[in-house]
Amino acid sequence: RQPHPNPRRKVLTQAVVSKEMETRQVLPREVELACTVTHLRAINDSEQKFEMVFFLQLIWEAWEDNDSWRPFLEWRNQIGMNVISDKTKPNKCKKGETIRWEQTIDAVFAEKFELENFPLDYQKLHIVLCSDETCKIKFMAKRALTAANKPAGKLNMETSTIVHWTPWKNQHGPVLDVDFTQTDPKQSGEGKIYSLINFRMFVHREASYWLYNVLLLACLISSTIFIQFSIEVTDVSGRAAYTCGVLLANVGIKYTVSERLPELPYLTFLDMYLMIVNLFAIGCIFQAGMVVKFPTHLQGRIDQFCGWFMWMLWVYLHCRILIKTRKRISLLKNGRWVHRMWGWSDEASN
């Protein structure tokens, strides 16, 4: 004989289920996150992008048996992405169990580089991850890492292949900053707020290559301009031909630098230096042509005065450049730039 169903028990069961459903609709699903950049492969100045391989781990609690839910992930600044491995543990879950979603991804991300101070520049490489509405999902750092006082992001430089860049380090090693935030409701047509995660890597350029092979080389070549003052004042063609050779050498250096950078709407620090030394060369050519217009007995004295004036101006210019370079290198070493918004020239000079 089948027992008679208790209608009161049925009503209570429905009330409990209804209460659980209401709680789920009100409370967002908590998702723990941890990320490790295993291989920072390249930072490309000319194309304004960087390439890397990273391991992403997401952890959440199953709300029902065989819960197939996965968080929605939109990588906003990715150019190309290849998922190397994709694992979910366990394959079959029960209500209340912990689900782990682990991905290894090879990706290329776009980044607007700030190159005003090139080659003494620093960059903040961003990865922007957007998910569902904040009322449905809440991201947080992995609890096990938080309990151990460790960050949610890790940058592994032992397997990375960037030569001309150095990452900023703290007590935990190279920094991969993870910022859990949200979008501006004004950006949504419906005024919705979405979960947003910003990953940041702080790197500064090792400028030795550019300082010695470009800036110092241009300085040495341009310093020979003053040899023209040892040539006879009346030999205008000889003076102009010599200075034009120096000018062409600097133009070649300028084109070599331009090929390594994108088409920028502003001049970099190195561009301005090469422009100044070219202006010096052009000034010497004009001086050689104009000094012969003065009376013969004054040409030697005027030429000597112009030579000393341009030499003192040349020395003053390079003293200012040396001071600026030392201040900039000090800024890159002490790490104050990590807490700044962006690397504009006025900011770096303060």
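Peer 1: Describe the overall build of the protein, and please don't skip the residues or the numbers.
Peer 2: A tally of helices and strands in the protein yields 7 helices and 13 strands. The burial tally for the protein puts 40% of its 350 residues in the buried class. Taking contacts inside the protein between residues at least 6 apart in sequence as the whole, the part at least 24 apart equals 73%. Element-wise, carbon and sulfur atoms account for 57% of the exposed surface of the protein, whose accessible area totals about 20500 Å².

Peer 1: Go over the side chain of H204, please, and point to the residues and values.
Peer 2: Tracing the sequence through the fold places H204 in strand 13 (residues 194-205). Filtering out sequence-adjacent residues up to four positions away, H204 remains in contact with D121, Y122, H164, W165, T166, L332 and W337.

Peer 1: Outline the environment of F280, listing residues and values.
Peer 2: Tracing the chain through its elements places F280 in helix 5 (residues 269-290). With 30 residues separating them along the chain, F280 and M310 place their C-alpha atoms 8.2 Å apart. Each residue touching F280, except ones within four places of it in the same chain, is listed here: I225, M310, L313, W314 and L317.

Peer 1: Can you tell me about the environment of G283, naming the residues and giving the values?
Peer 2: Tracing the backbone through its elements, the reader meets G283 in helix 5. For G283, a relative accessible area of 27% translates into the label partly exposed. Linking G283 and T243, residues 40 residues apart in sequence, is a C-alpha distance of 9.7 Å.

Peer 1: Explain the packing of aromatic side chains to me, using residue names and the numbers behind them.
Peer 2: Counted under the stated rule, the structure contains 13 aromatic pairs. With centroids separated by 4.9 Å and ring planes inclined at 65°, the aromatic side chains of F118 and W210 adopt a geometry described as edge-to-face. Residue F118 is found in the loop between strand 5 (98-110) and strand 6 (122-133), and its partner W210 is found in helix 3 (residues 208-223); the two are separated by 92 residues along the sequence. Residue F118 is classed as buried on the basis of its relative accessible area of 0%.

Peer 1: How would you summarise the nonpolar core if you had to cite specific residues and measurements?
Peer 2: Formed by 67 residues in total, the largest nonpolar core has its most connected members in F50, M52, F54, L58, W75, F199 and M201. Top element by residues in this core is helix 5. It accounts for 8 residues. Not counting the four nearest positions on each side in its chain, F54 is found in contact with C35, T36, V37, T38, W75, Q103, T104, I105, A107 and F109. V175, L331, W337 and V338 belong to the second largest nonpolar core, which has 7 residues in total.

Peer 1: I'd like to hear about the environment of Y273, residue by residue, with values.
Peer 2: Note that Y273 resides in helix 5. The class for Y273 is buried, based on a relative accessible area of 2%. In sequence terms Y273 and A218 are 55 residues apart; their C-alpha atoms lie 9.0 Å from each other. Apart from the residues lying within four places of it in its own chain, the contact partners of Y273 are L215, A218, C219, H318 and I321. Side-chain polar atoms of Y273 contact the side chain of H318, separated by 2.8 Å.

Peer 1: Give me the packing of helix 3 against helix 4 (residues 236-259): which residues, what numbers.
Peer 2: Where helix 3 meets helix 4, the axes come as close as 9 Å, and the angle between the chain directions of the two elements is 165°. Classified by the angle between their axes, helix 3 and helix 4 sit roughly antiparallel to one another. You can see that helix 3 and helix 4 cross each other, and the crossing is left-handed. Touching W210, V214, L217, A218, I221 and S222 of helix 3 are V246, A249, N250, I253 and V257, all from helix 4. Residue composition of the contact of helix 3 with helix 4, by class: 9 nonpolar, 2 polar and no charged.

Peer 1: Requested: an account of the pattern of salt bridges, with residues and values cited.
Peer 2: Side chains bearing opposite charge may pair, as long as their charged atoms lie close to each other. All told, the structure shown has 18 salt bridges when counted by the stated rule. The closest approach of N and O atoms between R200 and D177, which form a salt bridge, is 3.1 Å. You can see R200 sitting in strand 13 and its partner D177 sitting in strand 12 (residues 176-182), a full 23 residues away along the chain. For D303, the salt bridge is made with R239, and the minimal N-O distance between the two is 2.8 Å. One end of the pair, D303, is in helix 6 (residues 296-334); the other, R239, is in helix 4, with 64 residues separating them in the sequence. The class for D303 is buried, based on a relative accessible area of 5%. Shared partners join several salt bridges into a network, and the residues in it are E133, K136, E190 and K192.

Rules used in this analysis
Residues numbered from 1 in each chain as written. Predicted model: local features only at pLDDT ≥ 70, side-chain atom pairs only at ≥ 80, totals over all residues. Heavy atoms only, no water. Helix = DSSP H or I, 4+ residues; strand = E, 2+ residues; numbered from the N terminus. Buried < 20%, exposed > 50% of the residue type's maximum accessible area, 1.4 Å probe, protein only. Contact = heavy atoms within 4.5 Å. Areas by Shrake-Rupley, 256 points an atom, 1.4 Å probe, with all protein chains shown as cover. Phe/Tyr/Trp six-rings, centres within 6.5 Å; stacked < 30°, edge-to-face > 60°. Core = buried A, V, L, I, M, F, W, Y, C linked by side-chain atoms within 4.5 Å. Polar contact = N/O pair within 3.5 Å; in protein donor to acceptor, adjacent residues only side chain to side chain. Axes fitted to C-alpha atoms, helices over the stretch in contact; angles between N-to-C directions. Parallel < 35°, antiparallel > 145°, perpendicular 65-115°, else oblique. Left-handed = near helix turned anticlockwise from the far one by under 90°. Nonpolar A, V, L, I, M, F, W, Y, C, P; charged D, E, K, R; others polar. Salt bridge = Lys/Arg side-chain N within 4 Å of Asp/Glu carboxyl O.

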